[in-house]
Each structure stands twice: as structure tokens, then as C-alpha cells.
Amino acid sequence: MKGLRFLMVTKKIFWNFRHDKRSLALMLLAPILSMMVFGIAFSGDMEDVKVVIVNLDQGHQAPVFNQSVKISQSVISNMDRDVLDISYSSSIEDGLKGVEDGTYYSLIIFPENFTMNIMAYKSAMASENVTAIMGINEHSTVSIRSDQAEVSVVSEVNRLVMQAIAETMEQGGFDVPIDVDVSDPVYGDGATFIDMFIPGIMGFTIFLLTTTLSLITFVGERTQGTLYRLMATPITEGEIILGYALAFSILGMAQVALLIAIAVLVFDVMVVGNLLLTFLIGSMLGMVSVSLGILLSSLARRESQAIQFYPLIVMPTFLLAGIFWPLESIPAYLRPLSYGIPVTYAIKGLRSVMVRGWGVAEIWPQLLALTLFATAFLLGAVLTLKMERRRA
Amino acid sequence: MNGVEIRGLCKSYGKIKAVDGLDLTVGSGQVFGLLGPNGSGKTTTIKLLLGLIKPDSGDALVLGRPISKGIEFEKIGYMPQETALYEELTVHENLKLFGGIFGMKKRAFLGREEEVLRIVDLKGRRDSLLSELSGGQRHRISLAVALLHSPEIIFLDEPTVGVDPPLRVSFWKTFHDLKRKGVTIIMTTHYLDEARKCDNIGLMRSGKLISKGSPGRIMKDTGTDNLEDAFLKLASAGSPEVLT
Ligand SMILES: Nc1ncnc2c1ncn2[C@@H]1O[C@H](COP(=O)(O)OP(=O)(O)OP(=O)(O)O)[C@@H](O)[C@H]1O
Ligand SMILES: [Mg+2]
């Protein structure tokens, strides 16, 4: 009984939710809401991407059927119309103008000798004439000139053009010198962008909401004087923190469960790995976040001051924890900061379990990092409470 | 064993000497009243005795145990000057939280809960949220929490502020009942009619105790026939003289 005093603090936090439905809603509905917003925004397939094609291809007079062949036409017909909205232009200048004034994302140019070069290559290969093969120094080049401001759109256009070329080459029985096959991934078969960022959103919202709520609650303990009252009872600083940590790690688990349910039911996200591991990560992140909230609360005398810490914790986490893009795309000089953010590990762990189906054997570095962060932050929180008693 | 023995206790906040070399003994089973103008160091003294703040120098015994060696909170009741309860919880939940922290078993707790709510005359509000109570009612719940675990010594920081006169009378009856059971009560107050009901009182000014004794003794020493005149006389005396 005596050792379980901290449970009273945990219970108190849950009693609080019973009366303060708003906070409970914040903890449970806000993550869902944010996931819905991001999910709907990102899950839609790209469509109506306006591109303009300038086809200068002269074609090739086929010797046998005495017919003109334009391989560029096949390539264009193989382009995915679900995504690309294709217009044509007769001059490169007009096409460029269209990209410059924002009418089109990309200008795709087929040069005059597009078909010629391919045919020359093909016949040289067929003749097995080494000098003829060596003599070909002009390759067929499709130029894509894009508005690079929309990086993701552009890479999608590039991908679709390459895909159309590859298909055409295959249909025409041309030897495509380089063959890249990405159809059989090691992990994440069938994964889309949403599968990859949902763990990111989970980690971020759990962190943000737990830190916020515990910061506000604990500033309240100080301003209302209840912290002093607690300190004049047999409960120790460690037990107070433990009580808080337990409550918010339970909430962390609940948030993970809820978010995964939504992700699976609404967004059809696949979860390959062990759900229990995701709960574990959620609860550890809850613990890290609650102790960070308590640590920050010792710097704030009032709720309004607490708000001022917000940009300080939210922005770096949002940008550096790898929510939407992998750590590799973060500049190398900023990456050490990423490794100093606990959410980074939670997201990496969640992603590995959910998309890759990894187990403890693979994600132990993330679990270890989270354990270390949780221990350090919890001890830090206990220490600040003890120091405050000395200072006050 | 004395309830409290204070020896040369000092605590400064920057330049302000909130408690300045305090010496004081309160026998067990006494009702002791700590008086003094705003900012004279009454609350700071209580917080020092509860280990909520650490003294710069000096020490004190609470129930015979030095506060520097840790405090037996199980035996101590504390009613802070501010309400210091959870506004978003009900009266019952507030009591249950502290009962649980003091390790009370469910049965014992329910009995005591009824008892303390009777004392503060708020039995009917057990399931109200604290935030739905009036200021005086909240203050009364705060007293109920302090009494809940049947402590041996109780520190009450202005327990009767905002409490209506009939209830104040009943509070004093409770204090004297507790005293009869051997409970030591140390309270601060600004009301002189209450000071008169204490066994002993101490008058603080600028962190120092400038007078101490039974109300009768203080009136006699200052040659006055009421505490008001006695305090005015003591307060106007040039340098605070420490009476023992
Ligand atoms: N946390 C603090 N920081 C700085 N100064 C403080 C602090 N707490 C108290 N003081 C100062 O110490 C002095 C004594 O304060 P204390 O609260 O003990 O007075 P008090 O006798 O209880 O007054 P009141 O009758 O108004 O309750 C005051 O001058 C006050 O300004
Ligand atoms: Mg005071």
C-alpha cells in the first residue's frame, strides 16, 4: 500500500479527465483529427498534373513496310493519363513559356532524331557489328524541363515518363541497355506515402499533446499550491513523477491504439509488425514527453509563460524528427540535432515495426534510446522538484 | 516531548529576512497562535517546519525529530494559506486522493471523510466540484483535508479566513476537542478574538518573535487590558525586544 502511493497521483489524473472532458478530447480526438487532416491531404493520388509535350521526332522510314514509325508516339500513349494532363505544343519556346507562366509543371521534349537513334542502335545491335555499335555516339534523349518548385510533382512526372519509355521499349522489343526493376521491394511492399508518414504523425502528436497537457497540468499544480500540499504529505517527489509518468504512458498507449485503428480502418494502412511493440513505443514516448513537460513547467511560473516554450519544442521536433521525410534528407550539420530529439527514435521505431515488421531484435537501438531519454528526463524532473524545495 | 522546538531558524529571500533567528517552543497538546502583520514571516515559518523550504541556518524539532533529518508527514496535518486543492476534482476525490496518499484503508477513510465533512459542515457537497464551491467553502474543505488522517500536530495557516462567524465558533470547538485528544495545533491568524482563545501566542515582526506567552501574560506585561492595545504597544516600541 505504502509503495503504491504514486498510484493515487495516476488515479487523480484520470479523475481529472472524467470532469474535464475537454482535455480528454484533446488527448484522444486531436491526434485523430490531425491524422485525418494529413491523411486526407496526402493520401489522394496525384492527378491533373498539367504537362506540355513538344514532339519534334521525325520518325523512321521502316524499310520493310514502307511505313513511318514514330517511337515517341508510343511513348506518349504509354504515359499515365490518370495523373498527367497532356497538352501539345509545336515549339519549344511556346512550351517553355507555358511552364514559366505556371500553366504547366513540365515541358517534355522529344528531339528530331528520337526514333532514328533508337533504330540505328537496334540495327547495329542486330548486326553484331562492333564498329557500328561503337560508332553510335548519339543517344535518344527526352528532355524534361520542369518547374522544380514542386519537387514531389516533378519527380512523379519524371517517374511516369521513364515508365512510359520502359514500357515502349519492351513492347517494341528494343534492348533497353539499363534495366531498373523496383517492383519487388525488400520492405514496405505496397507501401504508399501515407504508410510512411502515419508513424511520424503518431509520434509527433503523442509527443506534442502529452508535453502540452502535462506542462499545463503541472504549472497548475504549482500555481494552485497543490504541489506544496502534496510535498507536505508522505509522498515523495519520485512518486509524484512516477504517478504522472504512469498516467501519461497509459494515455500514450491508448493514443497509439486509437491512431492505428483509424489508420487501418480509414486509410487502409498496413501494419506488418507486432502491435504490442507499437504500444510499448507509445507508452515510452508518453513517459519521455510527460517528464519533459514537468521539466519545462519548473521554468514557467504561469500558464502563459509555458506557452512561450512552444515554438522551442514544437518547431525543431516537427522539422527534425523525421515525420514526413527521412533523416537522410536533413542537412548533415543539422542531423546531430535530430538524434537529440527523442521523438526521432519513437518515429523510427514505429515505422520499422509498422511498415517493415521489425521486432525487438532490430529496433532495440530505438528502444534503448527511448529508455535512456525517459530515464534521464524522469530523473531530471525529480531532481528539479527536489531542488525547488531547497531553493524556495 | 514538545510539539515544536525552533532554534535560531533563519531564511532570507535575497535581501528580505523572512525569518530571522527564530526561537520558539510549543508544548504538545497546545493551541498556539502565530500573529503578526502581513509579511512578518508566519507562513515562511510554517513552511520551514514542514520542510517545504530549507532554512539558511538553524534547526527545529517537530514532534521531537529534527526537520533536517526528514519529516514524519504521516503525523502532520497542513492547511496552506491558499486553498491548494484540485479545483477540477470533486470534494470526495480531493479527500480520497489525500486519504490514499496517507495510506488510509477504504473503510477508515469513509468514516473519517464523513467526520471531517461534518466538522466543516459540508456533508451535502461531497460530490460537488471544488470549483463549484464558494471561497469560504473551499477553505473549509482545505481544513477537512488537513484533519483527515488524524494527525498528531496540525499547522493551520489562517484557517478561519472567509469563514462565517457561526462556523468559526464551531471550528474553535473542534480545535479544543483535538487539543483534548493531545493534538498540537499551530495556527496563524489576524483575528485577535481568536488569539485570545489560544493557550499561547507569539507576535512576529520582520521575521523576529517580538513577544510570546499566554494572552493574559502578554496583556499583563504590556500593562494593557486587551490584546489589541497590547499589540499596538508592542508594535510601536522602537527596536523589537525579544521576550522569552
Ligand atoms: N517565495 C518567495 N520569494 C521571495 N520572497 C518571499 C517568498 N515568500 C515570502 N517572501 C517574503 O518573505 C516575507 C515573509 O513572508 P510570509 O509569507 O512568511 O509572511 P506572512 O507573515 O505569512 O504574511 P501574511 O500575513 O500576509 O500571510 C515577505 O516579505 C515576503 O515578501
Ligand atoms: Mg502568510
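The rules we used
Residues numbered from 1 in each chain as written. Chains lettered and ligands numbered in written order. Predicted model: local features only at pLDDT ≥ 70, side-chain atom pairs only at ≥ 80, totals over all residues. Heavy atoms only, no water. Helix = DSSP H or I, 4+ residues; strand = E, 2+ residues; numbered from the N terminus. Rg over C-alpha atoms; globule rule 2.2 N^0.38 Å. Buried < 20%, exposed > 50% of the residue type's maximum accessible area, 1.4 Å probe, protein only. Contact = heavy atoms within 4.5 Å. Areas by Shrake-Rupley, 256 points an atom, 1.4 Å probe, with all protein chains shown as cover. Lys, Arg positive; Asp, Glu negative; His and termini not counted. Charge placed at Lys NZ, Arg CZ, Asp CG, Glu CD. Pairing = 2+ DSSP bridges. Buried area = accessible area lost by both parts, 1.4 Å probe. Salt bridge = Lys/Arg side-chain N within 4 Å of Asp/Glu carboxyl O. Near = heavy atom within 4 Å. Polar contact = N/O pair within 3.5 Å; in protein donor to acceptor, adjacent residues only side chain to side chain. Nonpolar A, V, L, I, M, F, W, Y, C, P; charged D, E, K, R; others polar. Donors = N, O, S within 2.8 Å, 3.2 Å for Na, K, Ca; no water. Axes fitted to C-alpha atoms, helices over the stretch in contact; angles between N-to-C directions. Patch = residues over 30% accessible without salt bridge, like charges linked within 9 Å, V, L, I, M, F, W, Y side chains within 5 Å. Parallel < 35°, antiparallel > 145°, perpendicular 65-115°, else oblique. Left-handed = near helix turned anticlockwise from the far one by under 90°. Domains from an automatic or database assignment. pLDDT = per-residue confidence, 0-100.

Caption draft 1: Inspection of the overall build of chain B at higher detail. Broken down by element type, chain B carries 8 helices and 10 strands. Against the 2.2 N^0.38 benchmark of 18 Å for 244 residues, chain B shows a C-alpha radius of gyration of 18 Å, consistent with a compact globule. Expressed along its principal axes, the backbone C-alpha trace of chain B runs to roughly 55 × 40 × 35 Å. Per-residue burial over chain B gives 56% buried out of 244 residues. Sequence separation of at least 24 residues holds for 67% of the intrachain contacts in chain B that already meet a minimum separation of 6. Carbon and sulfur atoms make up 51% of the accessible area of chain B, which totals about 10,300 Å². Each charge class in chain B can be summarised by its mean position, and for the 34 positive and 30 negative side chains these summaries are 3 Å apart.

Caption draft 2: Spotlight on the pairing of strand 7 (residues 153-157) of chain B. All names here are of chain B. Most of strand 7 sits inside the fold, with 5 of its 5 residues counted as buried. Burial along strand 7 is two-sided: Ile153, Phe155 and Asp157 and Ile154 and Leu156, pointing in opposite directions, are all buried. Sheet topology note: the strand 6 (residues 76-79)/strand 7 ladder contains 4 bridges and is parallel. Each residue of the ladder has a partner; that of Met79, found in strand 7, is Leu156.

Caption draft 3: The interface of chain B and chain A, seen in detail. Listed per partner, the contact involves 32 residues of chain B and 26 residues of chain A. Summing both partners gives a buried area of about 2,800 Å² for chain B against chain A, and 64% of it is carried by carbon and sulfur. Among the residues chain B hides against chain A, the three largest losses belong to Leu52, Tyr86 and Ile101 of chain B. Together they make up 23% of the total. In this structure, the connection of chain B to chain A is made through 1 salt bridge.

Caption draft 4: Looking closely at the site of ligand 1. Residue and element names in this part refer to chain B. The environment of ligand 1 is made up of 14 residues, and the closest members are Asn38, Gly39, Lys42, Thr43 and Thr44. A distance of 3.2 Å separates an oxygen atom of ligand 1 from a polar atom in the backbone of Ser40. When the free accessible area of ligand 1 is taken as 630 Å², the share hidden by the protein chains comes to 64%. It is helix 1 (residues 42-49) that provides the largest number of residues to the shell around ligand 1, a total of 3 residues. Residue composition of the shell around ligand 1, by class: 4 nonpolar, 8 polar and 2 charged.

Caption draft 5: Spatial organisation of the pairing of strand 1 (residues 2-13) of chain B. All names here are of chain B. Here strand 1 pairs with strand 2 (residues 16-27) via 9 bridges, running antiparallel. Residue pairing in the sheet places Asn2 in a bridge with Gly27 of strand 2. Count of turn residues in the strand 1/strand 2 antiparallel hairpin: 2 residues, of which Gly14 carries a positive phi of about 60°. Sheet topology places strand 1 next to strand 4 (residues 57-62); 5 bridges connect them, and they run antiparallel. Residue pairing across strands places Ile6 opposite Ala60, the latter belonging to strand 4.

Caption draft 6: Focus on the coordination of the magnesium ion (ligand 2). All names here are of chain B. Here the magnesium ion (ligand 2) is held by Thr43 (OG1) and Gln81 (OE1), and the distances to it run 1.8 to 2.2 Å. Of the two residues, Thr43 is situated in helix 1 and Gln81 in the loop between strand 6 and helix 2 (91-101); the sequence distance between them amounts to 38 residues. For Thr43, a relative accessible area of 21% gives the class partly exposed. Judged by relative accessible area, Gln81 falls into the partly exposed class, the value being 35%.

Caption draft 7: Here's a closer look at the sheet that holds strand 4 of chain B. Residue and element names in this part refer to chain B. On the basis of which strands lie adjacent, the open sheet formed by 4 strands has the order 2-1-4-5 and antiparallel pairing. Looking along the sheet, the strands with just one partner apiece sit at the ends: strand 2 and strand 5 (65-66). On top of the sheet, helix 1 reaches strand 1, strand 2 and strand 4; it is set at about 115° to strand 1, its chief contact.

Caption draft 8: Local environment of the side chain of Thr278 of chain A. Looking at the secondary structure, you find Thr278 of chain A in helix 11 (residues 275-297). Not counting chain neighbours up to four residues away, the residues in contact with Thr278 of chain A comprise Val256, Ile260, Leu350, Val353 and Met354 of chain A.

Caption draft 9: Main features of a nonpolar patch on the surface. All names here are of chain A. A contiguous nonpolar surface patch, about 420 Å² in accessible area, is contributed by Val360, Trp364, Leu368 and Leu372. Tracing the sequence through the fold places Leu372 in helix 16 (residues 360-391). Assessed through its relative accessible area of 53%, Leu372 is described here as exposed.

Caption draft 10: Quick peek at the packing of helix 1 (residues 5-19) of chain A against helix 10 (residues 237-265) of chain A. Residue and element names in this part refer to chain A. With their axes 7 Å apart at the nearest point, helix 1 and helix 10 run at an angle of 45° to one another. By the angle class used here, helix 1 and helix 10 are oblique. The way helix 1 lies across helix 10 gives a crossing that is right-handed. Together, Arg5, Phe6, Leu7, Val9, Thr10, Lys12, Ile13, Phe14 and Phe17 of helix 1 and Glu239, Ile240, Leu242, Gly243, Tyr244, Leu246, Ala247, Phe248, Ile250 and Leu251 of helix 10 make up the contact between the two elements.

Caption draft 11: Spotlight on the domain arrangement of chain A. If you check the domain split of chain A, you get domain 1 (49-181) and domain 2 (192-391). Averaged C-alpha coordinates put domain 1 of chain A and domain 2 of chain A at centres separated by 50 Å.

Caption draft 12: Here's a closer look at the confidence of the model for chain B. Residues and elements named next belong to chain B. Per-residue pLDDT for chain B averages 92, and the proportion of residues at 70 or more is 97%. In this model, residues 239-244 is a region of pLDDT below 50 whose contacts with residues beyond four sequence positions or in other chains number 9 contacts. Among the scores for the predicted complex, ipTM is 0.92 and pTM is 0.79.

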